[in-house]
Amino acid sequence: MGFELGSVLMNLGMFSTSDHSSVVSMNLFVALLCACIVLGHLLEEYRWMNESITALALGLCTGIIILLTTRGKSSHILVFSEDLFFIYLLPPIIFNAGFQVKKKQFFRNFMTIMLFGAIGTLISFGIISLGAIHFFKKMKIGSLDIGDYLALGAIFSATDSVCTLQVLNQDETPLLYSLVFGEGVVNDATSVVLFNAIQSFDLSHIDSSIALQFIGNFLYLFITSTMLGVIAGLLSAYIIKKLYFGRHSTDREVAIMILMAYLSYMLAELFYLSAILTVFFCGIVMSHYTWHNVTESSRVTTKHAFATLSFVAEIFIFLYVGMDALDIEKWRFVSDSPGKSIGVSSILLGLVLVGRAAFVFPLSFLSNLTKKSSSEKIELKQQV
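Residues numbered from 1 in each chain as written. Predicted model: local features only at pLDDT ≥ 70, side-chain atom pairs only at ≥ 80, totals over all residues. Heavy atoms only, no water.

In the annotation of an unreviewed UniProt entry, the entry for the protein chain reads Cation/H+ exchanger transmembrane domain-containing protein, and the organism field reads Vitis rotundifolia. Under the UniProt heading Subcellular location (unreviewed entry), the entry covering the protein chain gives this text: "Membrane". (UniProt positions renumbered as here; feature names shortened; annotations may be inferred.)

See below:
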């Protein structure tokens, strides 16, 4: 009995120590987030500096300090899981992009966005996959089959919408912003379908039926993901209009908008749809219908609340990326064969750039043929 009591007390002591270290880590990370915002504000006048670059630099410096204090054991304050990113950090960023997007600009360029997001992703996928097969077989990096090379192509043909939002300004470059971010949203659906197709189809017998099945899967994913977002947005507008929450509480209006948007994202994840596409279109519908059904105070609150949540999530991601660049485990893996690692990374980077150039310039040319106004055409500078 005494032994059992002693072991319980020992476990409690370990838990309290673990909890305390977590609290210390959280305090440091929150302090760093505050420092990023303050430094970003002070350096705002410099065109080449913004909060994301400040967060990366600060994360890198913090990683170096942690590496030195832990004697090379770790460069992280917190352990970052993919669930934290996909469930908590990504939804507010993508939803706010849809909520704040200039709708006229977005839908005016919808066909160009679909060209870039669907056809462009397929072109990029093909070039990266074929390039990987050609170069990696010569480098003898391991026993990879055709499915592995195609999976590489699907993964690296996917674009990053989060970085795009930080690099471009919607007010200064509305056309470029709507095109690049719109492509990123459609690209997500295409990449998901491509990757799932590679995992499920028998790649040793590729024929026309598999191609048709792929097109069917893409259309199903795109339409259902979009419809789920639209339904969630319209449902929130209907609930707020009929029940008139603002009569009693502004908090309820804001809460129902936030929760309905988050519910659409989680339902898309539950049904294996494109959650990014769903929450993006939910944001567009909410800004057009729901937002106009709430009270004036709720409009101001929601607009700033969504922007703030998105802003903090972006800073969190970039700060962690800065620390992760010095992850000792990754560098230990690279140090076993540095030449091969640098070679593989360089080839993949080159293939990604070639893959993008192979569809951006031809598809921009085709898009420009359909545009009458010169202001709607994609200039060479914007293509680059």
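Resuming the write-up.
Moving on: the packing of aromatic side chains. What the rule picks out here adds up to 15 aromatic pairs. Seen from their ring centres, Phe 29 and Phe 316 are 4.6 Å apart, and the 45° between their planes marks the pair as tilted. Taken together, the residues span a long stretch of sequence, with Phe 29 in helix 1 (residues 2-42) and Phe 316 in helix 12 (residues 296-324) at a distance of 287 residues. Residue Phe 29 shares its accessibility class with Phe 316, and that shared class is buried. Centre to centre, the rings of Phe 95 and Phe 306 are 4.7 Å apart; their planes meet at 75°, and the pair counts as edge-to-face. Note that Phe 95 is positioned in helix 3 (residues 82-100) and Phe 306 in helix 12, a separation of 211 residues in sequence. Under the relative-accessibility criterion, Phe 95 is labelled buried at 4%. Using a relative accessible area of 4% as the deciding quantity, one classes Phe 306 as buried. (Phe/Tyr/Trp six-rings, centres within 6.5 Å; stacked < 30°, edge-to-face > 60°. Helix = DSSP H or I, 4+ residues; strand = E, 2+ residues; numbered from the N terminus. Buried < 20%, exposed > 50% of the residue type's maximum accessible area, 1.4 Å probe, protein only.)

Attention now goes to helix 5 (residues 110-139). Under the 1.5 Å per step criterion, the end-to-end length of helix 5 is 41 Å for 30 residues, consistent within 8% with the ideal 44 Å. Count one or two residues on from helix 5 and you reach Lys 140, which has phi positive near 55°. (Expected span 1.5 Å × (residues − 1).)

For the rest of this paragraph, the subject is the side chain of Thr 278. Within the fold, Thr 278 resides in helix 11 (residues 275-288). For Thr 278, the contacting residues outside a window of four places in its chain are Ser 225, Leu 228, Gly 229, Ser 264 and Ala 268. (Contact = heavy atoms within 4.5 Å.)

This brings us to the UniProt feature "transmembrane region" (unreviewed entry) in the protein chain. Residues given the UniProt feature "transmembrane region" (unreviewed entry) here are residues 20-43, 55-72, 84-101, 113-137, 218-240, 261-286, 306-326 and 347-366. In residues 20-43, helix accounts for 96% and strand for 0%; the two terminal C-alpha atoms are 34 Å from one another. Helix makes up 90% of residues 306-326 and strand 0%, with an end-to-end C-alpha separation of 32 Å.

Another aspect to go through is the packing of helix 3 against helix 11. It is the contact of helix 3 with helix 11, at a shortest axis distance of 7 Å, that shows an interaxial angle of 40°. Compared by their axis directions, helix 3 and helix 11 come out oblique. In the packing of helix 3 onto helix 11, the handedness of the crossing is right-handed. Facing helix 3, whose interface residues are Leu 90, Pro 91, Ile 94, Phe 95, Ala 97, Gly 98 and Phe 99, helix 11 presents Ile 276, Val 279, Phe 280, Cys 282, Gly 283, Ile 284, Met 286 and Ser 287. Looking at the contact of helix 3 with helix 11 residue by residue, the class counts come to 12 nonpolar, 3 polar and no charged. (Axes fitted to C-alpha atoms, helices over the stretch in contact; angles between N-to-C directions. Parallel < 35°, antiparallel > 145°, perpendicular 65-115°, else oblique. Left-handed = near helix turned anticlockwise from the far one by under 90°. Nonpolar A, V, L, I, M, F, W, Y, C, P; charged D, E, K, R; others polar.)

Further remarks concern a nonpolar patch on the surface. A surface patch of nonpolar side chains, amounting to about 580 Å² of accessible area, comprises Leu 212, Ile 215, Leu 219, Ile 223, Met 227 and Ile 231. Relative to the elements of secondary structure, Leu 219 occurs in helix 9 (residues 208-243). You can call Leu 219 partly exposed: its relative accessible area is 43%. (Patch = residues over 30% accessible without salt bridge, like charges linked within 9 Å, V, L, I, M, F, W, Y side chains within 5 Å. Areas by Shrake-Rupley, 256 points an atom, 1.4 Å probe, with all protein chains shown as cover. Salt bridge = Lys/Arg side-chain N within 4 Å of Asp/Glu carboxyl O.)

With that out of the way, let us pick up the pattern of salt bridges. Taken as a whole, this structure holds 2 salt bridges when the rule is applied. With its nearest N and O atoms 3.0 Å apart, the salt bridge here joins Glu 183 to Arg 356. Of this pair, Glu 183 sits in helix 8 (residues 174-200) while Arg 356 sits in helix 14 (residues 338-370), placing them 173 residues apart in sequence. By relative accessible area, which is 2% here, Glu 183 ends up buried. By relative accessible area, which is 28% here, Arg 356 ends up partly exposed. Linking Arg 299 and Glu 296 is a salt bridge whose minimum nitrogen-to-oxygen distance equals 3.6 Å.

Another aspect to go through is the nonpolar core. Among the nonpolar cores identified, the biggest contains 75 residues, and Phe 29, Phe 95, Phe 218, Phe 280, Met 286 and Leu 319 are the most heavily contacted of them. No other element matches helix 8, which puts 10 residues into this core. Those residues in contact with Leu 319 that sit more than four places away from it in its chain are Phe 29, Leu 32, Leu 33, Cys 36, Ala 55, Leu 58 and Gly 59. Core analysis: the second largest hydrophobic core is formed by 9 residues, Val 344, Ile 347, Leu 348 and Leu 351 among them. (Core = buried A, V, L, I, M, F, W, Y, C linked by side-chain atoms within 4.5 Å.)

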